[in-house]
There are 2 protein chains.
Amino acid sequence: MSKEVLGGEELSRRKKQILRSVIEAHIMLGEPVGSKYLTTNADIPFSSATIRNEMAELEAMGYLEQPHTSSGRIPTKAGYRFYVDSLMDSYKLTASEIVTLNNMLRSKIGELDSILQSASKLVAALTNYPTVAVKTTSSENVVEQFSYMLMGDNDFLLVMRLSDGTVKSKHIKTDFSLDKNILDTLTDQLNTYVANVSPETITLPLMMQLEKSLGDAGKLVDLSIKAVYENTVSSDDSSVSFEGVGKLLEYPEFASVDQMKSVLNMIEDKDGIINIMKEGDADKVNVVIGEDDEKLAEHSAFIFRKLVVDGKVVGAIGVFGPSRMDYSKVVSTVEYLSDQISKTLGTALPEKKDDDGADTKT
Amino acid sequence: MSKEVLGGEELSRRKKQILRSVIEAHIMLGEPVGSKYLTTNADIPFSSATIRNEMAELEAMGYLEQPHTSSGRIPTKAGYRFYVDSLMDSYKLTASEIVTLNNMLRSKIGELDSILQSASKLVAALTNYPTVAVKTTSSENVVEQFSYMLMGDNDFLLVMRLSDGTVKSKHIKTDFSLDKNILDTLTDQLNTYVANVSPETITLPLMMQLEKSLGDAGKLVDLSIKAVYENTVSSDDSSVSFEGVGKLLEYPEFASVDQMKSVLNMIEDKDGIINIMKEGDADKVNVVIGEDDEKLAEHSAFIFRKLVVDGKVVGAIGVFGPSRMDYSKVVSTVEYLSDQISKTLGTALPEKKDDDGADTKT
DNA sequence: ATTAGCACTTTGAACACAAGAGTGCTAAAA
DNA sequence: TTTTAGCACTCTTGTGTTCAAAGTGCTAAT
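Residues numbered from 1 in each chain as written. Chains lettered and ligands numbered in written order. Predicted model: local features only at pLDDT ≥ 70, side-chain atom pairs only at ≥ 80, totals over all residues. Heavy atoms only, no water.

1. Quick look at the pattern of salt bridges
All names here are of chain B. Per the counting criterion, the structure on display carries 30 salt bridges over all chains. Between lysine 15 and glutamate 54 there is a salt bridge, with its nearest N and O atoms 3.2 Å apart. Of the two residues, lysine 15 sits in helix α1 (residues 13–29) while glutamate 54 sits in helix α3 (residues 48–61), which places them 39 residues apart along the sequence. Assigned by exposure class, lysine 15 and glutamate 54 land together as buried. (Salt bridge = Lys/Arg side-chain N within 4 Å of Asp/Glu carboxyl O. Helix = DSSP H or I, 4+ residues; strand = E, 2+ residues; numbered from the N terminus. Buried < 20%, exposed > 50% of the residue type's maximum accessible area, 1.4 Å probe, protein only.)

2. Focus: the protein's contact with DNA strand D
Surveying the vicinity of DNA strand D reveals 20 residues, the closest of which are Ser35(A), Ser70(A), Arg73(A), Thr50(B) and Thr69(B). Taking all atoms of DNA strand D within 4 Å of the protein, the share assigned to sugar and phosphate is 72%. At 2.9 Å, a side-chain N or O of Arg73(A) approaches a phosphate oxygen of DNA strand D. A distance of 3.2 Å separates a phosphate oxygen of DNA strand D from a polar side-chain atom of Thr69(B). Listing elements by their share of the surface near DNA strand D, those giving two or more residues are α3 (48–60) of chain A together with α3 of chain B. No other element matches α3(B), which puts four residues into the surface near DNA strand D. Of the residues assigned to the surface near DNA strand D, the class counts are three nonpolar, 13 polar and four charged. (Near = heavy atom within 4 Å. Polar contact = N/O pair within 3.5 Å; in protein donor to acceptor, adjacent residues only side chain to side chain. Nonpolar A, V, L, I, M, F, W, Y, C, P; charged D, E, K, R; others polar.)

3. Looking at the packing of aromatic side chains
Within the structure shown, the criterion is met by 12 aromatic pairs over all chains. Arranged with centres 5.2 Å apart and planes meeting at 20°, the rings of Tyr129(A) and Tyr251(A) form a pair that is stacked. Residue Tyr129(A) is found in the loop between α6 (112–127) and β3 (131–135), and its partner Tyr251(A) is found in the loop between β7 (239–243) and α10 (257–268); the two are separated by 122 residues along the sequence. On the accessibility criterion, Tyr129(A) (5% relative accessible area) is buried. Residue classification places Tyr251(A) among the buried positions, given a relative accessible area of 11%. Both rings, one in Phe254(B) and one in Phe320(B), keep their centres 6.1 Å apart while their planes meet at 55°; by these two values the pair is tilted. One end of the pair, Phe254(B), is in the loop between β7 (239–243) and α10 (257–268); the other, Phe320(B), is in strand β10 (residues 312–322), with 66 residues separating them in the sequence. Each member of the pair, Phe254(B) together with Phe320(B), is buried. (Phe/Tyr/Trp six-rings, centres within 6.5 Å; stacked < 30°, edge-to-face > 60°.)

4. Observations regarding the pairing of strand β6 (residues 167–173) of chain A
Residues and elements named next belong to chain A. Within β6, six of the seven residues are buried, which leaves the element mostly enclosed by the surrounding structure. Summarising the sheet, strand β5 (residues 155–162) and β6 pair through seven bridges and their orientation is antiparallel. Paired with leucine 158 across the two strands is lysine 170, which belongs to β6. Connecting β5 to the antiparallel partner β6 that follows it, the hairpin turn spans four residues, and glycine 165 within it adopts a positive phi of roughly 95°. (Pairing = 2+ DSSP bridges.)

This is how it looks when you write it as structure tokens:
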């Protein structure tokens, strides 16, 4: 007769079985599930009355709830949580799903942006839930290497390779004549004194010293440092993009104007998404289940995983859906795909040379 | 008793007045407007009966329609069209609106991406309709200049400046040792033979000749040309982004699940948007009003203008809303803003040098 | 410990009904 | 000839009622 509320106490084997059946049935049907349904459709060798008793207890423990006095039970947030953490089988991706995923990766080799885009399209198609792709800009970005392209007599392009692998450039116009020598000197000095240094530590004395030592090119130091700042410190390049939001409308819990409203708000509130994702662990698939007090809207859940490349978090990929979503399939898909992406983008040199070593383009 | 259907025939002064009043009232209220409403709220010096007669004729002519036998009239697509083309006053932007717009432009000088983004946010806020920002990639993009950055002993970054001003790069790994000489030779040759050439005209013989003449660097020709292709021909960089879609829910005609569905579909169908925009004139604000047969969903309208910089269409900015949207205000806002953006982005060199010649970053 | 049975609650669909809004038309007034 | 008052008619919308279905909790029997 355990009646504790969420006491962390063990559930009997039978309770687990019933909880699990309720949740899986509810994931399938989207409707409250009653005792009778379970007796006929799940293989539980007890009568509806027994199940009713057990469900009443599961409700008291906080795993189930009733929308109103007389309808079946639906899982609470705690119920889903328990399911995800302890009850759920992990879904096996089918061979054809794996093939699809791998094809995508192979064809779009190299580019974070385009990988993210096709990955999220693909996951949306595979899971039938909308996906979110996030590209983060690490705040500790520094310029690792400078270079230039001479354009005319009076302008050139300062090219910077950042530590996250992207390449930025800045078009600089001058009021004096440029030549190869001037720019060689400039980039040499920049590579020596400014590369690999956090922009905050670039001091005025350093800059003045650089300017002096550079002669003609000195006039360009100021502009160059500005360019560095623009592309590291103040660059707000992180992007959040959605794919397949329309799919939500197929799920009755979102097919109301109010629900739609909150979803649209969420979509437009990129910071909200980023914040949720920030709090996740970097080395596993995170499952956030929404409820009243949370950042996430009620009846919705968010499954995501950060993308780690060479030890750095470069983005994340996630799936948004109703709280009754197909956790096991989504978790497996996200897990597999993000692992592969991380590997693909890693610096590991190609083992064999039949594959060209293409990589990181901006 | 003219009873032609849309005969292109002149409407009497009184009919115009009534049509206009109906449309403006409907834009305000969002509901069918009846004869009685007009007698009391618009200053039409006739009785409701007279207005009823006129409205019946306007309906026969195709400018108005009744949702059902006994409710007021609402404008048809033809009605809106006539209103936009002939009846509408142009809205005067208020001083504060102009100030807001100009501030935005000043602060974000230089960068198409970020200008588009803030512009669309601003227009969404100002008009209370969602906005669309489109960036197009001109298909005649060619690489104008090649350069490189040596990274390790076995990899380097091929840097390309494209004719649209953007800079792209590709990370290339090799299975032999690199040095400055090899890469200098490579980029020299690329600049001589491949720069400013449409990628379609790069033939195999040319490539083979290049490979031969380059010695060690020859092995890199193939990869380099591949990089050129990736970034010009097959680069699908045009982007469509929405801002403020949630606002639509405030308008009752969109506050239904079905309507939402079609809107979400539209948002996800970037090509659809691009196609609609393609057909617009480049030198004016275009107003597309949706109806059954059109590309655009019923009850919605789309107002947009292309952004022309130095004679090239680089993008577009548009406003999406219900067909009863506030045309005059939206048209004015879009017009003003897109004019200013086009000017701001034009090549005019900075007059004074107190402003650094910042430009085009990737 | 389990189950059959029953009374009870809630939902949701179907239906009827009244009120309100707006029309078209006719006949009178300007 | 043009305008308007008046009236019958239509359609929508909201409300109240009824009724069946689903599912529960509890008691008593197995």
